[in-house]
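# Fold and contact review
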Amino acid sequence: MITALLTAAVGVLLAALFSVLPGLHIYNVAGLALLTLTAPGSEVPSQSIALLFVGMVTGYAVLNTIPSVFLSAPDESTLFMLRPGQKLLLQGRGYEAALLSGVGGLGGVAVLLLLTPFASFILVPLRALLQPHLHWILWALIAYLLLSEWPKGAQRAPAGWRRWWDGWRNLAAGVLTFVFSGILGLILFYRTPVPLGVAAHNLLPAFVGLFAVPSILQNLVSRVELPPQRATPSLSITPDIVFQGALSGAAGGLFAAFFPVVTAGVGGLLAGQATAQRDDRVFLISQGASKVLYYVGALLLFFAPGLHLTRGGMAWMLASVLDPVDALGGDVLPFYYRVAAAALVSGVLAFFLLLGMARLAIRLVAHLDYRRINAGTLVVLILMVGCWTGWGGLLVCTTATGIGLIPVLWGARRSNGMGVLLLPLALNMAGFGSSIVRWLGIV
C-alpha cells in the first residue's frame, strides 16, 4: 500500500509541474508518459502505471485552477470558472477563487470515497437501463444547453426588428458557435489536418483556440489592470456553503463521468442550475468538486468490479495496456480500493500544493505587467500547438480561435464551443454522422 501511495504522489508532483502550463492537458502528458513506460525493455508493471495516472489526474483536477484564474487560460473543465474567477481576480481575490475551487476538490474526493463501495451496485443496473437511450439523452442535453441561455439585450431598442435583434443577438451567437464548433469537430474526427503521427493530440489545438486564446486576446485588447492580490488566511464560507457546492458539483461530475463526452464544466453547470446556485462561492466550490468527480471518478469506474466502464482519456489509455479482469484476476476488488486510497492521498497532497502555487501566482502577477503575462501565455500556447501538432494544428487553432471569439464579442456562453465534441458524437450515436459528413463534403 505504501508503494502504491508513493507512486500516486509522484503522479501528483508531475501534475503540479505541467498543470500550470496553459492549454496543456494532463491527457497529453499521460500519453507521452505511457509511450515511455511501455517502450520495449521497460519493466514497469501496468498496476504501477495505473496508480501513477491516478495521482496525475487527481493532481490535475485540483491544480488546473491556477491557469484558469490567474492566466485566463481555461480548458474544457474549467471553462465555467473563468467568469467568476476573473471577477474575484479583479477584486484582488484571485487566491480566494483558487482556494474555493480547491475546497470543492476536497469535497469531491470525500464524496467519491463515500460512493466507492456502492459504485458497482448502483451503476451496473443503471448502465444497462440507460445504454439504449444515450443518443436521445445527449440530444436533450444539447437542446437544454442551447435553450437555457437567456437573452442579454438591454430592452432599450425601439420596438420591432431592432428590439428583436437586441434580444436575439447573443442567442444567435451561441447557436452559431455551437454549429461552427460542431462542424470543426466533424472535420477533426473525419478528415483532420493534424498529422497522423500526433493523432493523440488531435483535439489540443481546437480546445486551445476555442477556450484559451479568446480570453487572452480579450485581456490584451482591454488592457486589464490587476489590483494587488492578497492571500487571505481564511475563507468567508460556512459549512452549508461547502456542503451545497460540493454536493451539487459532485452530482454534476458524476453525470459527466458516466455519460460520454459530457465534461465537468457542463455537468457542474447542469447541477448548479438544478440546485439554483446564485452565490459565486458556491459555484466555484461546485466546479472544483465537479472536476474531481469527472476526472477521478471516470478513472475509478474503469476499476469498479463488474463495471469496468471506459470513460475519459485516462481510462482509454490504460485500457490499451491493462485489462482489469485479465490482469488483476481475483485482485480486482483490493486494487479498486487501493486506487481509491491513492485518490484520497493525491487529493489532499494536491490541495496543499495548490496553497503554495496560488501564492507563487500572486507574486507573479504582482511583479509582472498583466498584459505581458497574457502575451507570454499566448506565445507559450502557440509554440506548444505548433511543436506538438505542426502547421495543421496551428491552422485548426486559428480556425477555432475565430469561432471562440464569437461568444466573447457577442456575449454568449463560451460553453457553446463544446459543440466540437457534443455534435459529432450525438450525430454518430443517432446514426447520421457519416451522412452529414458526406453532405458537407468533408469526405
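So, here's what we can say about the structure. (Residues numbered from 1 in each chain as written. Predicted model: local features only at pLDDT ≥ 70, side-chain atom pairs only at ≥ 80, totals over all residues. Heavy atoms only, no water.)

The next thing to look at is the packing of aromatic side chains. Tallying each qualifying case throughout the model produces 7 aromatic pairs. A centroid spacing of 5.7 Å and a plane angle of 80° characterise the contact between Tyr 60 and Tyr 295, whose relative ring orientation is edge-to-face. Of this pair, Tyr 60 sits in helix H3 (residues 46-63) while Tyr 295 sits in helix H13 (residues 280-303), placing them 235 residues apart in sequence. The exposure classification of Tyr 60 matches that of Tyr 295, with both residues buried. Here a set of aromatic residues connected by ring pairs shows up, and it is made of Tyr 60, Tyr 294 and Tyr 295. (Phe/Tyr/Trp six-rings, centres within 6.5 Å; stacked < 30°, edge-to-face > 60°. Helix = DSSP H or I, 4+ residues; strand = E, 2+ residues; numbered from the N terminus. Buried < 20%, exposed > 50% of the residue type's maximum accessible area, 1.4 Å probe, protein only.)

The final tally for this structure, using the stated rule, is 1 salt bridge. With its nearest N and O atoms 2.9 Å apart, the salt bridge here joins Glu 96 to Arg 93. Looking at Glu 96, the relative accessible area reads 6%, which means it is buried. In this structure Arg 93 comes out as partly exposed when scored by relative accessible area, which is 22%. (Salt bridge = Lys/Arg side-chain N within 4 Å of Asp/Glu carboxyl O.)

Let us now look at the packing of helix H9 (residues 161-190) against helix H17 (residues 370-410). Packing of H9 against H17 brings their axes to within 8 Å, and their N-to-C directions diverge by 165°. In terms of orientation, H9 lies roughly antiparallel with respect to H17. The handedness of the crossing between H9 and H17 comes out as left-handed. Mapping the contact onto sequence places Trp 165, Arg 169, Asn 170, Ala 173, Thr 177, Phe 180, Ser 181, Leu 184 and Leu 188 in H9 and Val 396, Ala 400, Ile 403, Ile 406, Pro 407 and Trp 410 in H17. Grouping the amino acids of the contact of H9 with H17 by side-chain chemistry returns 11 nonpolar, 3 polar and 1 charged. (Axes fitted to C-alpha atoms, helices over the stretch in contact; angles between N-to-C directions. Parallel < 35°, antiparallel > 145°, perpendicular 65-115°, else oblique. Left-handed = near helix turned anticlockwise from the far one by under 90°. Contact = heavy atoms within 4.5 Å. Nonpolar A, V, L, I, M, F, W, Y, C, P; charged D, E, K, R; others polar.)

Another aspect to go through is the state of the cysteines. Per the counting criterion, the structure on display carries 0 disulfides. Summary of cysteine pairing: Cys 397 is not part of a disulfide, and the nearest cysteine sulfur, belonging to Cys 387, is at 13 Å. Of the residues examined, Cys 397 reaches a relative accessible area of 9% and is grouped as buried. (Disulfide = S-S within 2.5 Å.)

Our next topic: the environment of Leu 383. Tracing the backbone shows Leu 383 in helix H17. By relative accessible area, Leu 383 is classed as exposed at 52%. In sequence terms Leu 383 and Tyr 60 are 323 residues apart; their C-alpha atoms lie 22 Å from each other.

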